[in-house]
Amino acid sequence: TQEILELIRSAERESTGLGSLSSHELFAKLVALGASGSAYANYVMGRAQVGANCGFIAPLQLVPKLNYREGYTRLLRAAHGGEPGAWYELYRACANYRSVLANQSAALFFLEQAAERGVLLAKTRLGLFTLLHAGELEAVVSGQRWLHEAAMGGDSSAYAVLTTFLVPEESSCEAEERFMG
């Protein structure tokens, strides 16, 4: 059954397809793997059950039906089992105000957990969220730190936001003189 996980990993990354297995067969194999402690199997099932694509794989290719509460539980198991992306998926599920899982306080906690575990998009979002709600300099610095980490990890969006904080090298008087001609 480990071959199933490799097949899913490959299909997530490269759009290779899942072969001839039905969603019921895949789900049964994933349930067995998840029950035996596979964090990745719980991560895959959890994402699919809350309606999130798994790379190039649509949710209903992996599970027979959506089940938000069970998906949430599986994502929690995956997160506690060491899958950092599961924290981000928990954030997404709870941040959606139309979801049965909507919970803004939990969403922020899950976003923080994902960022602390190295998920680039989580670092960017947490940095932006922190800056948006910053009431003091310490919060601004914290937001910039998260954006810096994301930018250094390769997130061009975080880098673009950080460049808006750059101070020009010339003084304002020099800039004004150059502008006025």
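Analysis parameters
- Residues numbered from 1 in each chain as written.
- Predicted model: local features only at pLDDT ≥ 70, side-chain atom pairs only at ≥ 80, totals over all residues.
- Heavy atoms only, no water.
- 1 Å grid on protein atoms, 1.4 Å probe; cavity = no way out; pocket = protein on both sides within 12 Å on 5 of 7 lines; lining within 4 Å.
- Points joined across faces, edges and corners; volume = space filled by probe spheres on them.
- Helix = DSSP H or I, 4+ residues; strand = E, 2+ residues; numbered from the N terminus.
- Nonpolar A, V, L, I, M, F, W, Y, C, P; charged D, E, K, R; others polar.
- Axes fitted to C-alpha atoms, helices over the stretch in contact; angles between N-to-C directions.
- Parallel < 35°, antiparallel > 145°, perpendicular 65-115°, else oblique.
- Left-handed = near helix turned anticlockwise from the far one by under 90°.
- Contact = heavy atoms within 4.5 Å.
- Core = buried A, V, L, I, M, F, W, Y, C linked by side-chain atoms within 4.5 Å.
- Buried < 20%, exposed > 50% of the residue type's maximum accessible area, 1.4 Å probe, protein only.
- Disulfide = S-S within 2.5 Å.
- Phe/Tyr/Trp six-rings, centres within 6.5 Å; stacked < 30°, edge-to-face > 60°.

A.B. asks: Which parts of the structure should I look at to understand the layout of surface pockets?
C.D. replies: Empty space among the atoms becomes visible once a probe the size of a water molecule is rolled across them. As a volume, the largest pocket reaches approximately 150 Å³. Every residue along the wall of the largest pocket is listed here: Tyr91, Ala95, Gln104, Ala107, Leu108, Leu111, Arg125 and Phe129. At the level of elements, helix H5 (84–95), helix H6 (104–116) and helix H7 (120–132) are the ones that each hand at least two residues to the lining of the largest pocket. Ranked by residues supplied to the lining of the largest pocket, first place goes to H6 with four residues. Here the residues of the lining of the largest pocket sort into six nonpolar, one polar and one charged.

A.B. asks: I keep staring at the packing of helix H8 (residues 137–152) against helix H9 (residues 156–163) and nothing clicks. Help me out?
C.D. replies: Between two packed helices, the angle of one axis relative to the other and the distance separating the axes together describe the packing. Their axes nearest at 7 Å, the elements H8 and H9 cross at an angle of 135°. Between H8 and H9, the angle falls in the class oblique. As for how H8 packs across H9, the hand of that crossing is left-handed. Of the residues in H9, those in contact with Gln144, Leu147, His148, Ala150 and Ala151 of H8 are Ala158, Tyr159, Val161 and Leu162. Here the contact of H8 with H9 is composed, by residue class, of seven nonpolar, two polar and no charged.

A.B. asks: Please clarify how the nonpolar core should be interpreted in this entry.
C.D. replies: What tends to happen in soluble globular proteins is that the nonpolar side chains get buried as a cluster. Formed by 42 residues in total, the largest nonpolar core has its most connected members in Ile8, Leu30 and Leu62. Elements that contribute at least two residues to this core include exactly helix H1 (2–14), helix H2 (23–35), helix H3 (39–49), helix H4 (68–80), H5, H6 and H7. Residue contributions to this core peak at seven residues, all from H5. The contacts of Ile8, once residues within four sequence positions are left out, are Leu18, Leu30, Tyr40, Val44, Ile57 and Leu62.

A.B. asks: Sorry if this is basic, but what is going on with the state of the cysteines here?
C.D. replies: As used in these notes, a disulfide is a covalent bond between sulfur atoms, one from each of two cysteines. Counted under the stated rule, the structure contains zero disulfides. Counting only cysteine sulfurs, Cys94 is the nearest neighbor of Cys54, a cysteine outside any disulfide, at a range of 17 Å. Note on Cys54: relative accessible area 0%, which makes it buried. Take Cys94: its relative accessible area is 1%, and that puts it in the buried class.

A.B. asks: Help me understand the packing of aromatic side chains in this model?
C.D. replies: Evaluation of the coordinates by the stated rule reveals six aromatic pairs. When the centroid spacing of 6.1 Å and the interplanar angle of 85° are considered together, the rings of Trp87 and Phe109 count as edge-to-face. Residue Trp87 is located in helix H5, and its partner Phe109 is located in helix H6; the two are separated by 22 residues in the primary sequence. Aromatic pair Tyr88 and Tyr91: ring centres 5.4 Å apart, planes at 40°, arrangement tilted. Note that Tyr88 and Tyr91 are positioned in helix H5 at a spacing of three residues, about one turn of the helix. The residues Tyr88 and Tyr91 share a single accessibility class, namely buried.

These results come straight from atomic positions and should not be treated as a statement about function.
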